[in-house]
Amino acid sequence: MLNPNAKPLINLSITPSKSNVAARSGAEIYYSIKVQVGTLNTTSTSQRPAINAFVCIDRSGSMSGLKMQNAITAATKLIEILEDRDSLTLIGFDDKIEQRFFGRMSSVARGDATRFVQGLWARGGTDFERPLSQIREAQITPDRIFFFSDGQVQSGNQDLSYLRSLCGNVSVATFGIGDDWNQDTMSGLRSGSAGMYH
């Protein structure tokens, strides 16, 4: 029996092999990506509710190289871990947006979503307002937003209070990508008790 108070929970953590690396040292860094899916306030026999996940991936020019690869790897892992009854919307953004709704995660939808993510490449400037405004206007209400970026916003409205307001009451988990990610921006964007930044 479902617990009516249960909330969908997806936690994704990215752990670097090294915490500090000198600039331009040429050292290689490897990342451990872990995704956990469950519910809050449920018993072991409870089944979590299906979720509508929105995943925003920064594909701006500052994300080129290893940053883009890590964001793609993390998003691909998230696609793999979603259950068949979960729904997924992917948004690749720079100063433009490319959005695809994949619906429930059938094997076909999962494959299409993976190809969409792996086909992203870095380009353009960084505008957080565009993807968040698109989510606000979506016909499907998200249960959770995952936001992958280096936080180096270059255009659009950059006021964090305004950007958070576009998310309404939806929990936002933000993930700082790269050694130079903007912690103030990424931690400031997170919202909800289950939001996080890395």
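Each chain carries its own residue numbering, running from 1 in the written order of its sequence. The predicted origin of the model limits local features to residues at a pLDDT of at least 70 and limits the giving and counting of side-chain atom pairs to 80 or more, whereas totals for whole chains, interfaces and linings rest on all residues. Note that the side-chain values use all heavy atoms of the structure and ignore hydrogens as well as water.

Asker: Describe the environment of G168, and please don't skip the residues or the numbers.
Answerer: Secondary structure elements follow DSSP: runs of H or I no shorter than four residues count as helices, runs of E no shorter than two count as strands, and numbering proceeds from the N terminus. By secondary structure assignment, the location of G168 is in the loop between α4 (160-165) and β7 (171-176). Since its relative accessible area comes to 43%, G168 is described here as partly exposed. Once the C-alpha coordinates of G168 and R136 are considered, the two residues, 32 residues apart in sequence, prove to be 7.8 Å apart. For each residue, the accessible area found with a 1.4 Å probe, counting protein chains only, is set against the maximum for its type, and the residue is called buried under 20%, exposed over 50%, and partly exposed in between.

Asker: How would you sum up the pattern of salt bridges? Please name residues and give values.
Answerer: Should a side-chain nitrogen of Lys or Arg be within 4 Å of a carboxyl oxygen of Asp or Glu, the pair is scored as a salt bridge. A full pass over the atoms with the stated rule returns 12 salt bridges. Across the salt bridge formed by E98 and R59, the nearest N and O atoms sit 3.0 Å from each other. Placement of E98 in strand β5 (residues 97-104) and of R59 in the loop between β3 (52-58) and α1 (66-81) is noted, with a sequence separation of 39 residues between them. R59 gets classed as buried once you look at its relative accessible area, which sits at 0%. Among the salt bridges present, the one from D112 reaches R115, with a minimum N-O distance of 2.6 Å. Taken together, the residues D112 and R115, both in helix α2 (residues 107-118) and 3 residues apart, mark about one turn of the helix. Residue D112 is classed as partly exposed on the basis of its relative accessible area of 28%. Each of R48, E83, R85 and D86 takes part in one network of salt bridges that share partners.

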